[in-house]
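# Breakdown of the fold
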Amino acid sequence: MEKKKIVIIDDEKDFCFLMKSLLEGMGPFEVDTALDGEEGYYIVLEKKPDLIFLDYVMPKMRGDEVLRLLRQNSETDKIPVVITSGLGEATYLEKEELDKQGISKDRIDRKKMPTPKRMVGEIFKKAQNFESIMYLEKPFSRETLLGLVRKILGDF
Amino acid sequence: MKIQVKLVLFLLLTIVFFSVGLFFIDQIQQKEFFTILEDRKEHTTYFFNEIFNLKGNSLDAISFDYTYWDEMVDLIERKNQTDEEAEEWAEENIGNAMETYDIQFAWVYDLDSRLIYSIQEEEEGFLKEFPISFNKIKEKLYSEHFVDFFVWSKEGPLEVRGATIHPTSDVDRKTPPRGYFLVARALNNEFVENFSQLMEGNVFLMDRLSYKDEDVKELHRDLEDVFYIYRELYGFDGEAVGSLVFRTQYPLADYLLRSKQKNFYYFIVSIISFLIFFFLFGFVWISKPLGKISKALSCEEVDQLEDLEKSGAEFGVIARLISKFFKQQKQLKEAQGQILQSEKMAAVGQLSAGVAHEVKNPLAIILLSVGSLDHEIAESDEKTRSHLKMIKEAAERANSVVVQLLNFSRSSDIKMEEVSVEEILNNATLLAKNVFKSKNIIFHWECFIQEIIIFADKILMEQVFFNLLLNAGDAIEGAGDIFVKTCLEKDKTQKDQIVVEVSDTGPGMSKEVMSRIFEPFYTTKEQGRGTGLGLSTVYMILEKHHATIEVESEEGKGTKFIIRIPFSAK
């Protein structure tokens, strides 16, 4: 039986290592890790994994950009993606959005800004295959991870 | 010094000034009055003397005219021979002259002091002989030719003139006298009445013998409105035999005196009424409102000024100004407090977001590592397993704190939608019931509003009531009740608002606790059970919805939270 391939894209090195060892301990998985979005994108293109764990805030390329690129590519647009992030990171996203627009946070009418929850929702909506994207909030336990992987990849 | 004392002093000073002024005016008036009186007295005295002298003129005239007359000389010589013709002549000439000259008595003596002839008016008492010894007079008369004096006879006072008799040719009386002629006028009632009429006053006679020194003193004394003019009537030997007195009352003086008195009474009465008026109205108009204002200011209770504020007078304006000032100060303090609270919460929110991000990644690693280790260690290694369990629980607790912090920081991100109040409360209650299913808590519903739809963030609003119910349930030890009551009310500006009351039968809390419950990180729960962010989050969320929260609590009687949500909130 061919090993299922999983790619973990996260700028936290320890997290990648831990996930790799956990997943490999769970079943017959071949796990690759990438420490930034760009590297992760190329690894996905190369490996064509069955499941991607994607962090949101990363250097070089952000999680949602990686996701957009993957969805545009017909070879990768069906791959299930689990976004691993804290809502706190989503708040950071919002800040980045503001920085991009070059406005100070104090002067912003917050009601008009997308809320973190909604931003995640936007990401979901952008994805063509809605079911293939899940959200796993950090921190999560080994059991939660196991349950989610089992749900997506089926029994192994 | 109090204003009342100052006013009284001012009043007293005013009265003193008025009194002094009045005194001086009175003095001047009195001086004028006495000048007038003096003038009048002088005038009257002059008039009195003139009349008196005029009255004496006729006596002078007869005593002068009838004594250089040959017939008179002849009378004396003939009378010595007791000539009846002479008697007739005397009767005709002297007797007739008496009425003309207004005299009542006449005597003729010869050089030897013998009474030649005497005549008098019938009504008078009979005085055949001259009332005093003629020999006394003769000497003086002989040398000086004329005498005039007064005699107080048994018939009353007489004014007497005497002259020596000479022939007609000797007008200057160079030749020795041939006899003596005496005339007298009785100062009788007629005389006095006549005098009184002329003087327009009361003229009377006083006998020198019968009046005492005191009477004279009395005459000299100036009564204020009555004065006396008196003229002593000197006898032959120069001693006064009596006085003619004129007593007059000065009507103007009397009037002036009485008006002076009246003025004084008017002054006293007006001062007293002014004082009464001043104290009564001064008290009502000045002292009372001032006292109220100063009392209200000193104890900072503006409610006391309510009555005064209605007044349109200056004190009303002041009172309104003061209460407005206090109200504004109070509002300012409240607003300041709210701003401070909001700023504090916003600061905590921003901090929380940053901290949460940094904490969540390490927590993820910890939890995954624990999970991994737990999976790998031997079944029998209970000790390690229990340690791992502790690490896991601690990490989870840390995470729950981070989650709450994030909730708190995100409570300002609201997404308004149309939601049913009932639904929000139902969902929150269901969640809370689930939490407290092991506790003996009864939830009571009292809903006076149905199918009310408001604009709100459904999830955040659910969180509000869930938090409140959670607090209520936590407060109850053992068994108890939680009440949720909703109704519709009008606010101050007559706008509809939804009121939700969440109350419990817990132990309540002290005022000190009550004043701090909305502060971030303030908790009364035991270590590890509360983050102190629950009510802060509630406060933040409600603030974003323009809703308010109030707390009522009494130790031992439970706590009640009252939430007011504007109905038109969009």
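Quick caveat: nothing in here was measured; it's all calculated off a predicted structure. (Residues numbered from 1 in each chain as written. Chains lettered and ligands numbered in written order. Predicted model: local features only at pLDDT ≥ 70, side-chain atom pairs only at ≥ 80, totals over all residues. Heavy atoms only, no water.)

### Topic: the overall build of chain B
Our working rule: Numbered from the N terminus, helices here are DSSP runs of H or I no shorter than four residues, and strands are runs of E no shorter than two. Burial classification: accessible surface area is computed with a 1.4 Å probe over protein chains only, and a residue below 20% of its type maximum counts as buried, one above 50% as exposed, and the rest as partly exposed. Note on areas: Shrake-Rupley with a 1.4 Å probe; residue coverage comes only from the protein chains shown.
Each helix and strand counted, chain B has 14 helices and 15 strands in total. In chain B, buried positions account for 40% of the 570 residues. For chain B, the exposed area adds up to about 33,100 Å²; of that, 55% sits on carbon and sulfur atoms.

### Thoughts on helix α12 (residues 458-475) of chain B
Residues and elements named next belong to chain B. Heads up, the rule is: Expected helix span is computed as 1.5 Å times (number of residues minus one). Polar contact is the term for a pair of N or O atoms within 3.5 Å; when the atoms are in protein, one must be able to donate a hydrogen and the other to accept it, and sequence-neighboring residues count only if both atoms are side-chain atoms.
The terminal C-alpha atoms of α12 lie 26 Å apart, and with 18 residues this matches the ideal 26 Å at 1.5 Å per residue to within 8%. Turning to α12, its buried residues number three or more, namely L460, M461, E462, Q463, V464, F465, N467, L468, L469, A472 and G473. Put simply, D457 is the residue that caps the front of α12, since its side-chain oxygen is 3.2 Å from the backbone nitrogen of I459.

### What about helix α3 (residues 84-101) of chain B?
Residue and element names in this part refer to chain B. Between its first and last C-alpha, α3 extends 25 Å over 18 residues, near the 26 Å set by a 1.5 Å rise per residue. When we look at burial in α3, the residues that qualify are A86, W89, A90, I94, A97, M98 and Y101. Downstream of α3 by one or two residues, D102 has phi in the positive range, about 55°.

### Quick word on the pattern of salt bridges
To keep things clear, this is the line we draw: Salt bridge, as used here: a side-chain nitrogen of Lys or Arg that lies within 4 Å of a carboxyl oxygen of Asp or Glu.
Counted by the stated rule, this structure contains 25 salt bridges over all chains. A salt bridge links K78 of chain A to D77 of chain A; the nearest nitrogen and oxygen atoms lie 3.7 Å apart. Residue K78 of chain A is classed as exposed on the basis of its relative accessible area, which comes to 59%. Linking E85 of chain B and R78 of chain B is a salt bridge whose minimum nitrogen-to-oxygen distance equals 3.7 Å. Assessed through its relative accessible area of 56%, E85 of chain B is described here as exposed. Overall, R78 of chain B belongs to the partly exposed group, its relative accessible area being 21%. The network of salt bridges with shared partners includes D60, D102, E159, R161 and R185 of chain B.

### Focus: the layout of surface pockets
Residues and elements named next belong to chain B. The test is simple: The way it works is a 1 Å grid over only the protein atoms, where trapped points that fit a 1.4 Å probe form a cavity and open points with protein on both sides within 12 Å along at least five of seven lines form a pocket, and then any residue with an atom within 4 Å of a point lines it. Grid points are joined across faces, edges and corners, and a volume is the space filled by probe spheres set on the points. The nonpolar class holds Ala, Val, Leu, Ile, Met, Phe, Trp, Tyr, Cys and Pro. Asp, Glu, Lys and Arg form the charged class, and all remaining residues, Gly among them, are polar.
Reported here for the second largest pocket is a volume of approximately 660 Å³. Broken down by secondary-structure element, the contributors of at least two residues to the lining of the second largest pocket are α9 (314-376), β13 (496-504), α14 (534-544), β14 (548-554) and β15 (558-566). Grouping the amino acids of the lining of the second largest pocket by side-chain chemistry returns 7 nonpolar, 6 polar and 8 charged.

### A few points about the pairing of strand β8 (residues 240-249) of chain B
Residues and elements named next belong to chain B. Selection criterion: Only when DSSP finds a minimum of two bridges between them are two strands counted as paired.
Taken across its 10 residues, β8 has 8 buried, putting it largely inside the fold. In terms of strand pairing, strand β6 (residues 202-207) meets β8 through 6 bridges, oriented antiparallel. Paired with L205 across the two strands is L244, which belongs to β8. As judged from the 9 bridges shared by strand β7 (residues 226-234) and β8, these two strands associate in the antiparallel manner. Following the sheet pairing, E232 is matched in β8 by S243.

### Section: the sheet that holds strand β1 (residues 4-9) of chain A
All names here are of chain A. Heads up, the rule is: To obtain each axis, a line is fitted to C-alpha atoms, and for helices this fit is confined to the stretch in contact; angles are then taken between N-to-C directions over 0 to 180 degrees. Between two residues, a contact is recorded if the distance between any of their heavy atoms is within 4.5 Å.
The parallel open sheet is built from 5 strands, whose spatial order is β2-β1-β3-β4-β5. This sheet does not close on itself; its edge strands, each paired only once, are β2 (29-34) and β5 (133-137). Averaged over neighbouring strand pairs, the angle between their axes works out to 20° when direction is ignored. Note: strand β3 (residues 51-55) against strand β4 (residues 81-85), 4 bridges, orientation parallel. Its bridge partner being in β4, D55 is matched across the sheet by T84. Strands in contact with helix α6 (residues 142-153) are β1, β2, β3, β4 and β5; relative to β5, the strand with the most contacts, it is inclined by about 175°.

### A closer look at unusual backbone geometry
The phi torsion at K48 of chain A lies on the positive side, around 50°, for a residue other than glycine. With respect to the helices, strands and loops of the structure, K48 of chain A is situated in the loop between α2 (37-47) and β3. Look at K48 of chain A and you get partly exposed, because its relative accessible area is 34%. Backbone geometry at H546 of chain B places phi at a positive 60°, although glycine is not the residue there. By the element assignment, H546 of chain B lies in the loop between α14 and β14.

### Brief notes about the environment of I79 of chain A
All names here are of chain A. Mapping I79 onto the fold places it in the loop between α3 (63-72) and β4. A relative accessible area of 7% places I79 in the buried class. The sequence separation of I79 and L51 amounts to 28 residues, and the corresponding C-alpha distance is 6.1 Å.

### Some details on the confidence of the model for chain B
Put simply, the test is: Per-residue confidence from the predictor is given as pLDDT, running between 0 and 100.
Here chain B averages 84 in pLDDT, and 94% of its residues register 70 or above. Of the two predicted TM-score estimates for the complex, the pTM is 0.47 and the ipTM is 0.73.

### A few points about the nonpolar core
Residue and element names in this part refer to chain B. Heads up, the condition is: Residues belong to a common nonpolar core when they are buried Ala, Val, Leu, Ile, Met, Phe, Trp, Tyr or Cys residues joined through side-chain atoms within 4.5 Å.
Core analysis: the biggest nonpolar cluster contains 50 residues, and F465, L468, I549, F561 and I563 have the highest contact counts within it. In terms of residues, this core owes the most to one element, α12, which gives 7 residues. Residues contacting I549, with those up to four places away along its chain left out, are L468, F518, V538, Y539, L542, F561, I562 and I563.

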